[in-house]
Amino acid sequence: MHISEEQLVLYRYGEAKDAAAIGEHLAACATCRAAYQSLERVLAAVDQMPAPDPGENYAAAVWQRLEPGLSDRAGGTAFQAVPHRLKACATWRRLALAAAMAVLIVAAFLLGRFWPGPRTVARQPLPEQVRERILLVALGEHLERSQMILIELANANPGPQLDVSSEQRWAADLVGDNRLYRQAAARAGDPAITAVLDDLERVLLEIAHSPSTLSGGELERIQRRIESGDILFKLRVVESKVRRQEEKPNGL
Amino acid sequence: MSRPETGREGEFRLLVEQHSRALFGLAWRMTGNQQDAEEIVQETFLRAYRSFDRFDGRAQPGTWLHRIAVNCALDLLRARRHDAGRVELEAAGSDAGDAVPASDTAPGPDRLLLSAEVQRRLTAALRRLSPIERAAFVLRHYEGCPIEEISRELGMSENAAKNCVFRAVQKLREALQPLV
């Protein structure tokens, strides 16, 4: 039996768990040794990629460009002592305001722009193209991250026990965002996308609420759940729709 | 005329002087573009400046700046994903039918051409990586970050980070396989 490509990559970076066994196998197996040498050549070519030299005076140039901006941003007092409690308070206010704005913007964007139909949401006096592109990218990222976690679990090998605590935390983080997108899609009257996001939310919730260590049977149950609804395929379709919108010259 | 520097401003300027070039290298590897790299360095220091008062010195300044730069680069790459898509199409078109045979014994000019072709393919392949794959690969390969640290920096599980690095290497390998 030969060593998988993934194991070779991890071995090359010193991250393989069974490095000694892999080393012994490479010494004995000409096929795997050839594959490893080929990998080494590819990564050696990567190492030879020249990075441009920014020049001797680069740091001075960076500072020159920074300095006026620093004084503007700070109102000339950035480096003066400001009580930390006051600063923390201001930071919380900014964060709360930013969070509220983000929810409003995402909802407005999803309701009024992503799904076609009469535009009833009042336009915000913000730079449209930039804002919409960022939001599309955010939605695309959400779909991409969701796919990654599902792919990871769908491809995991059912063993006696599998620690999925990090996947759980990740799924729990995604549930909140997903709910926002799903509700906005429902209000915008797009049943197809609502259904996909609804399916996704159920799977994410199942992952988030499953035991942090899965038995083989529990993992297989989740894998069947992922496969049975073709959720990965549907997510890819929605993501490609979002990406196409993102690539249009005028945003949406 | 420059305004006089305060003590903290002097400290910050020192950070700029010490870390600009390293951050430029990191940013260039993550974007493959000099202008983007310069933009990222600038934005990194602006973000660092805003939180400089909260930087308590427990972390190494280089590590702190490095983390900010990675986030800036990711933001930029995500925002410019549509450009990457265009490059992908162009690269796919130019790759068709122009495979150069591998040769270890080729004479000088051929070797030069081969090396240029390797670089061209590598550049195209790096651009085809998703922002997360590229970030994970750059952090692992060039910066020597362990998978566990990459997973923290990119906000993903260790398995996902591993997959990203693996997928990136696989794509680079596919692009270079006939040549190296």
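Computed from a predicted structure; not experimentally measured.

About the cut-offs
Residues numbered from 1 in each chain as written. Chains lettered and ligands numbered in written order. Predicted model: local features only at pLDDT ≥ 70, side-chain atom pairs only at ≥ 80, totals over all residues. Helix = DSSP H or I, 4+ residues; strand = E, 2+ residues; numbered from the N terminus. Buried ≥ 20, exposed ≤ 12 C-beta atoms within 10 Å, placed from the backbone. Contact = placed C-beta atoms within 7 Å. pLDDT = per-residue confidence, 0-100. Core = buried A, V, L, I, M, F, W, Y, C linked by C-beta atoms within 7 Å. Axes fitted to C-alpha atoms, helices over the stretch in contact; angles between N-to-C directions. Parallel < 35°, antiparallel > 145°, perpendicular 65-115°, else oblique. Left-handed = near helix turned anticlockwise from the far one by under 90°. Nonpolar A, V, L, I, M, F, W, Y, C, P; charged D, E, K, R; others polar.

Caption draft 1: A look at the overall build of chain B. Along chain B, the regular secondary structure elements total eight helices and zero strands. When the helices and strands of chain B are placed in sequence order, the string is α-α-α-α-α-α-α-α. By the burial criterion, 39% of the 180 residues in chain B qualify as buried. Across chain B, every contact between residues at least 6 apart in sequence was considered, and the portion connecting residues at least 24 apart equals 69%.

Caption draft 2: View of the overall build of chain A. A count of helical and extended segments in chain A gives ten helices and two strands. The order of helices and strands in chain A, counted from the N terminus, is α-α-α-α-α-α-β-α-α-β-α-α. Looking at chain A as a whole, 24% of its 252 residues are labelled buried. Considering only residue pairs separated by 6 or more positions, chain A has 70% of its internal contacts joining residues 24 or more positions apart.

Caption draft 3: Broad picture of the confidence of the model for chain A. This prediction gives chain A a mean pLDDT of 74; 71% of its residues lie at or above 70. Across residues 116-124 of chain A the pLDDT falls below 50, and counting only partners more than four positions away or on other chains, this stretch makes eight contacts in the model.

Caption draft 4: Quick peek at the confidence of the model for chain B. Residue and element names in this part refer to chain B. Residues of chain B with pLDDT of at least 70 account for 74%, and the chain-wide mean is 77. Summarising per-element confidence for chain B, the mean pLDDT is lowest in helix α4 (residues 81-95) (41) and highest in helix α8 (residues 158-176) (93). Across the whole predicted complex the pTM is 0.51, and at the interface the ipTM reaches 0.72.

Caption draft 5: The arrangement of the nonpolar core in detail. Counting 90 residues, the largest nonpolar core has Ala27(B), Ala69(B), Ala73(B), Ala135(B), Ala136(B), Val165(B) and Leu172(B) as the members making the most contacts within it. Counting residues per element, this core draws most heavily on α8(B), which supplies ten residues. Beyond its immediate sequence surroundings of up to four residues, Leu172(B) is in contact with Val42(A), Val46(A), Leu122(B) and Ala125(B).

Caption draft 6: Representation of the packing of helix α1 (residues 5-12) of chain A against helix α3 (residues 30-47) of chain A. All names here are of chain A. At a closest axis distance of 10 Å, the pairing of α1 and α3 adopts a crossing angle of 55°. In this view, α1 runs oblique relative to α3, as classed from their interaxial angle. Once α1 is placed against α3, the crossing between them reads as right-handed. Together, Leu8, Val9 and Arg12 of α1 and Ala35, Tyr36, Leu39 and Leu43 of α3 make up the contact between the two elements. When the residues that make up the contact of α1 with α3 are grouped by side-chain class, the tally is six nonpolar, no polar and one charged.

Caption draft 7: Broad picture of the packing of helix α2 (residues 34-50) of chain B against helix α3 (residues 61-79) of chain B. All names here are of chain B. Contact pair α2 / α3: the axes reach a minimum separation of 9 Å and the direction vectors enclose 125°. Between α2 and α3, the interaxial angle falls into the category oblique. In terms of crossing hand, the pair formed by α2 and α3 is right-handed. Contacts between α2 and α3 pair Asp36, Glu39, Ile40, Glu43, Thr44, Arg47 and Ala48 from the former with Leu65, Ile68, Ala69, Cys72, Ala73 and Leu76 from the latter. Residue composition of the contact of α2 with α3, grouped by class: eight nonpolar, one polar and four charged.

Caption draft 8: Focus on the environment of Arg21(B). Residue and element names in this part refer to chain B. If you trace the backbone, Arg21 turns up in helix α1 (residues 7-31). Taking the number of C-beta atoms within 10 Å as the measure of exposure, Arg21 has 17 and is therefore partly exposed. When the C-alpha positions of Arg21 and Glu38 are compared, they lie 10.0 Å apart, and in sequence the two are 17 residues distant.

Caption draft 9: Fine view of the interface of chain B and chain A. Counting residues at the interface gives 47 residues for chain B, matched by 39 residues for chain A. Contributions of two or more residues to the side of chain B that touches chain A are made by α1, α2, α3, α4, α5 (108-128), α6 (131-142) and α8 of chain B. Considering only residue class, the side of chain B that touches chain A consists of 20 nonpolar, 14 polar and 13 charged.

Caption draft 10: Local environment of α1(A). For α1(A), every residue scored as buried is listed here: Gln7(A), Leu8(A), Val9(A), Leu10(A) and Tyr11(A). On its buried face, α1(A) sits against α2 (19-28) and α3 of chain A together with α8 of chain B. In the segment just after α1(A), Gly14(A) is the residue with positive phi, at about 70°.

Caption draft 11: A look at the environment of Arg179(A). Residues and elements named next belong to chain A. Along the chain, Arg179 falls in helix α7 (residues 165-187). The partly exposed category is assigned to Arg179, around which 15 C-beta atoms lie within 10 Å. Distance from Arg179 to Thr194, taken between C-alpha atoms, is 9.9 Å for residues 15 residues apart in sequence.

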